[in-house]
Amino acid sequence: MDLFGFEIKRKDNAANEKSFVAPSDDGAIESIRAGGYYGTYMDLEGVAHTESELIKRYRDIAGMADVDTAVEDIINESIAQLENESPVELNLDDVDLSSAVRKSIQKEFEEIKNLMDFKSRAQDYYRRWYIDGKIFFHKVIDMENPKDGIKDIRYIDPRKIRKVREVKKEKNPSGVMFVKQVEEFFIYNDKGVTSKPGAYVAPENQQGLKITKDAIAYAPSGLVDHDKNIALSYLHKAIRPANQLRMMENAVVIYRITRAPERRIFYVDVGNLPKMKAEQYLKDIMDRYRNKLVYDANTGEIRDDKKFMSMLEDFWLPRREGGTGTQIDTLPAGQNLGQIEDVEYFQRKLYQSLNIPVSRLEQQAGLNFGRAAEINRDEMKFTKFIIKLRRKFSVMLSDLLKTQLLLKGVLTAEDWADIKDDIEFEFATDAYYTESKEQEIARTKDLMERKEKMAEMLKPLGKEKSEVMSQLLESVQTAKLQGSFDKYLPHVMADKAVPGKAKVLSESGGDRAQREDADLTNIRKLAGI
């Protein structure tokens, strides 16, 4: 394997496997070296001309109040910020290693979290990853003493670095191109790796720094535009509804400002005055009755702004002789100014694009943990979505842990390949919510088991004896149903005091209740309970 420029590997035989396609599932650029440039495909059809512009667009809509609220819901569900609990823990229960090696792995993972200040900045890292669609960290080591492990972990702006996959192919005797070699590395440029849409300058022109793959911890979102081969953010689907919501809110505000106040219309009789004199006369009337004094908060002075005409002021219209004379009318304000159904529609569309239940849009609604049977389908889908996000984000933690273990000699590359799928990262969650749901699920499960058990035991009994037995077992725990049933059964079957159906129907309600209570008491005494 290649590690920080050093190649450490066992001698192996030449690979016999061949394929005509290269791996491309993480948004890396597939490049062909030609003239010092790497050809890429990066046309987003007007959404953004470069990947840097696309990331800027994600960050822009993330600043909107509605989007920020939705993103905070996702982050808080993914990683709970608890006072006395680590944001993420390592679970090695399924790892087939000795206890000493497990302790060493746990120790190195704690060292990784300390280097990242993960307890304080976990949600910050997660937010950057979720919004940008990717996250990069540079693993800083002491090149003279690599066995000391990672010395520092530094965040890299995704606009300044890009993963590149160089694919070399060769033809077989039939003329079909097969992949001969795949080399992956990163390109870093402090001014940004993309100089124009579709291409960026290669390291040979000293415009970028080529970095080995193992020196960078990279976690993509998992969403890829396969036509352009670009890693997308989970906010990509929200660009359109967010912009629509923003325009709708602005339109509503403008409409209400312009249409909310009532305005007056002055019809001024100008008689037979010529056009110029009529306009001058009307202007004199306007200046005489319009008082527009404005307070200047910066200077504390009051100034006269009569020369400015506001859209909210009155209308002055001339009227010729022969009309009804000078008249003042009122222009009514806009109707239905309190309706915001259109804004709420786009808010729901925004939440749907982010895979968040629409029920969470009502921020004033209190928390309703509810019964397990009342959990709606959207909440279950949201929970599965959060689990998927955690697994994608864990790729970065897994890569950092792998490098640390290999550098310090805790594990070999072969050992890591064997256990990497058995390592689980457990993220902190809201304990009260989780425990409440687990208890409710346990109660529901117990109720279902109890119904099935009761139906199975009471099936051979008649209707009347089934009713008596059901009352006897009403307060018995589910786990003890069978034992109590076996105790009660002989006495229920042998009891002659149980009234017949006709006799029970002829009795009054109070008498029947007393007789049933007495019968149950006698049966319990006979059973020794």
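Counting restarts for each chain, with residues numbered from 1 along the sequence as it is written. The predicted origin of the model limits local features to residues at a pLDDT of at least 70 and limits the giving and counting of side-chain atom pairs to 80 or more, whereas totals for whole chains, interfaces and linings rest on all residues. Only hydrogens and water are set aside when side-chain values are computed; all heavy atoms of the structure are taken into account.

S.K.: Would you take a moment to explain the overall build of the protein for this structure?
M.R.: Looking only at helices and strands, the protein has 14 helices and 21 strands in total. Intrachain contacts of the protein at a sequence separation of at least 6 include 72% that bridge at least 24 residues. Each accessible area is a Shrake-Rupley result for a 1.4 Å probe, and residues are judged covered by the shown protein chains and nothing else. Accessible surface for the protein amounts to roughly 32400 Å². Of this, 50% is attributable to carbon and sulfur atoms. Helical segments are the DSSP runs of H or I of at least four residues, strand segments are the runs of E of at least two, and each set is numbered from the N terminus. Any two residues whose heavy atoms approach within 4.5 Å at even a single point are treated as in contact.

S.K.: Got a minute to help me understand the pattern of salt bridges in this structure?
M.R.: Any two side chains of opposite charge can pair if their charged atoms end up close together. Here, a salt bridge means any side-chain nitrogen of Lys or Arg that lies within 4 Å of a carboxyl oxygen of Asp or Glu. Scanning the model with the defined rule gives 23 salt bridges in all. In this structure, Glu72 and Arg127 form a salt bridge, with 2.9 Å as the shortest nitrogen-oxygen distance. Taken together, the residues Glu72 in helix 2 (residues 65-78) and Arg127 in helix 4 (residues 118-132) connect sequence positions 55 residues apart. A salt bridge links Asp124 to Arg128; the nearest nitrogen and oxygen atoms lie 3.5 Å apart. Of this pair, Asp124 and Arg128 both sit in helix 4, four residues apart, roughly one helical turn. A relative accessible area of 25% places Arg128 in the partly exposed class. A single network of salt bridges, built from pairs that share partners, joins Arg59, Asp132, Asp157 and Arg159. Classification of residues uses two cut-offs on accessible area relative to the type maximum, computed with a 1.4 Å probe and protein chains only: under 20% is buried, over 50% is exposed, and between them is partly exposed.

S.K.: Honestly, the packing of aromatic side chains in this entry has me stumped. Any pointers?
M.R.: Here a ring pair, both rings aromatic, is described through the centre-centre distance and the interplanar angle of the planes. Aromatic pairs are defined between Phe, Tyr and Trp rings, using the six-membered ring for Trp, whenever the two ring centres lie within 6.5 Å; interplanar angles under 30 degrees are classed as stacked, those over 60 as edge-to-face, and all others as tilted. Under the criterion given, the structure shown has 15 aromatic pairs. Ring plane angle 85 degrees and centroid distance 5.2 Å describe the contact between Tyr125 and Phe137, whose orientation is recorded as edge-to-face. Taken as a pair, Tyr125 in helix 4 and Phe137 in strand 7 (residues 134-141) lie far apart in primary sequence, 12 residues in all. What makes Tyr125 buried here is its relative accessible area of 4%. Assessed through its relative accessible area of 0%, Phe137 is described here as buried. Taken together, the ring pairs connect Tyr126, Trp129, Tyr130, Tyr234, Phe385, Phe393 and Phe427 into an aromatic cluster. Over a ring means this: the NZ of a Lys or the CZ of an Arg is within 6 Å of the ring centre and within 35 degrees of the ring normal. In this structure, Arg128 is placed above the aromatic ring of Tyr155, and the distance from its NZ or CZ to the ring centre is 4.3 Å. The residue whose ring lies beneath Lys210 is Phe185, and the NZ or CZ to ring-centre distance is 4.4 Å.

S.K.: Is there a simple way to explain the sheet that holds strand 7 in this structure?
M.R.: Consider a sheet: its strands pair through backbone hydrogen bonds, and that pairing is either parallel or antiparallel. Sheet architecture is open: three strands sit in the order 8-7-13, paired in antiparallel fashion. Looking at which strands have only one partner, the edges of the open sheet turn out to be strand 8 (150-156) and strand 13 (216-220). Each strand of the sheet is rotated relative to its neighbour by a mean of 20 degrees, with strand direction disregarded. Helix-sheet contacts for helix 3 (residues 99-116) involve strand 7 and strand 8, and the interaxial angle to strand 8 is about 50 degrees. Angles here are taken between N-to-C directions and fall from 0 to 180 degrees, while the axes themselves are lines fitted to C-alpha atoms, restricted in helices to the stretch in contact. Sitting on the sheet, helix 8 (residues 377-407) is in contact with strand 7, strand 8 and strand 13, with an inclination near 160 degrees to strand 13. The criterion for strand pairing is that DSSP finds at least two bridges linking the strands in question.

S.K.: Would you take a moment to explain helix 11 (residues 463-472) for this structure?
M.R.: Structural remark: α-helix, 3.6 residues per turn; residues separated by three or four positions point the same way. Among the residues of helix 11, Ser466, Val468, Met469 and Leu472 are the ones counted as buried. Down the axis of helix 11, the buried side of the element spans an arc of 165 degrees, and every buried residue falls inside it. Each C-beta atom gives one direction from the helix axis, and the arc is the one those directions make.

S.K.: Sorry if this is basic, but what is going on with the nonpolar core here?
M.R.: Side chains of a nonpolar character, in soluble globular proteins, are inclined to be buried together. Grouped together as the largest cluster of nonpolar side chains are 66 residues, with contacts concentrated most on Met116, Trp129, Tyr130, Leu235, Leu389 and Met396. Per-element tally for this core: the top contributor is helix 8, with 11 residues. Residues within four places of Met396 in sequence aside, it is in contact with Met116, Phe137, Ala217 and Ala219. Counting 13 residues, the second largest nonpolar core, distinct from the first, contains Leu458, Leu473, Tyr488 and Val492. Among the buried residues, those of types Ala, Val, Leu, Ile, Met, Phe, Trp, Tyr and Cys that are joined through side-chain atoms within 4.5 Å form a nonpolar core.

S.K.: Can you walk me through the packing of helix 1 (residues 51-62) against helix 4 in this structure?
M.R.: Helix-helix packing is described using two parameters, namely the angle between the two axes and the distance between the axes. The N-to-C vectors of helix 1 and helix 4 enclose an angle of 120 degrees; their axes lie 9 Å apart at closest approach. Between helix 1 and helix 4, the interaxial angle falls into the category oblique. Residue-level contacts link Ile55, Tyr58, Arg59 and Ala62 of helix 1 to Arg127, Ile131 and Asp132 of helix 4. In what follows, roughly perpendicular refers to angles from 65 to 115 degrees, roughly parallel to angles under 35, roughly antiparallel to angles over 145, and oblique to any angle outside these ranges.

S.K.: Even after reading the chapter, I still don't get the confidence of the model for the protein, so can you show me in this structure?
M.R.: In low-pLDDT segments, the atomic positions of the prediction should not be examined closely. For the protein, the average pLDDT comes to 76, and 71% of its residues sit at 70 or higher. Summarising per-element confidence for the protein, the mean pLDDT is lowest in helix 13 (residues 501-506) (36) and highest in helix 4 (93). Per-residue confidence from the predictor is reported as pLDDT, which spans 0 to 100. Ignoring residues within four places in sequence, the model shows residues 32-46, a span with pLDDT below 50, making 49 contacts including any to other chains. Here residues 496-510 scores under 50 on pLDDT; set against residues more than four positions off or in separate chains, the count is 14 contacts.

S.K.: For this particular structure, what's the right way to read a negative patch on the surface?
M.R.: The patch calculation keeps residues exceeding 30% relative accessible area without a salt bridge and links them within 9 Å when they carry like charges or within 5 Å when they are nonpolar (Val, Leu, Ile, Met, Phe, Trp, Tyr). Positive charges come from Lys and Arg alone, negative charges from Asp and Glu alone, with His and the N- and C-terminal ends not counted. Each charge is placed at NZ for Lys, CZ for Arg, CG for Asp and CD for Glu. On the surface, Glu341, Asp342, Glu344 and Glu362 cluster together to form a negatively charged patch. Its location among the elements puts Asp342 in helix 7 (residues 341-353).

S.K.: What's the story with the pairing of strand 7 in this structure? I'm lost.
M.R.: Consecutive residues of a regular strand have side chains that alternate between opposite faces of the sheet. Of all eight residues that make up strand 7, six are buried, and the element is covered over most of its length. Pairing of strand 7 with strand 13 involves five bridges; the strand directions are antiparallel. Within the sheet, the bridge partner assigned to Lys134 lies in strand 13 and is Pro220.

S.K.: What exactly am I supposed to notice about helix 12 (residues 481-494) here?
M.R.: When the terminal C-alpha atoms of helix 12 are compared, their 20 Å separation across 14 residues agrees well with the 20 Å that a helix rising 1.5 Å per residue should span. The quantity called bend is, for any residue, the angle between two axes fitted respectively to the seven residues ending at it and the seven beginning at it. At Tyr488, helix 12 shows its maximal kink, close to 35 degrees; a proline, Pro490, follows between one and four residues later. The set of residues buried in helix 12 consists of Leu481, Ser484, Phe485, Tyr488 and Val492. One fewer than the residue count of a helix, multiplied by 1.5 Å, yields its expected span.

S.K.: Is there a simple way to explain the pairing of strand 9 (residues 161-171) in this structure?
M.R.: Bridging between strand 9 and strand 10 (residues 177-188) involves 11 bridges; their strand directions are antiparallel. Counted as the bridge partner of Arg162 is Ile187 from strand 10. Here strand 9 hands over to strand 10 after five residues, with Gly175 in that stretch at a positive phi of 90 degrees.

S.K.: In this structure, what is going on with the side chain of Ser484? I would like to understand it.
M.R.: Within the secondary structure, Ser484 sits in helix 12. Apart from the residues lying within four places of it in its own chain, the contact partners of Ser484 are Leu473 and Val476.

S.K.: For this particular structure, what's the right way to read unusual backbone geometry?
M.R.: Residues apart from glycine generally show negative phi values, whereas peptide bonds are mostly found in trans. Phi is positive for Asp117, close to 50 degrees, though the residue is something other than glycine. Structurally, Asp117 is set in the loop between helix 3 and helix 4. Its identity is not glycine, yet Asn355 carries a phi of approximately 65 degrees, on the positive side. When you line up the elements, Asn355 lands in the loop between helix 7 and helix 8. Residue classification places Asn355 among the partly exposed positions, given a relative accessible area of 31%.

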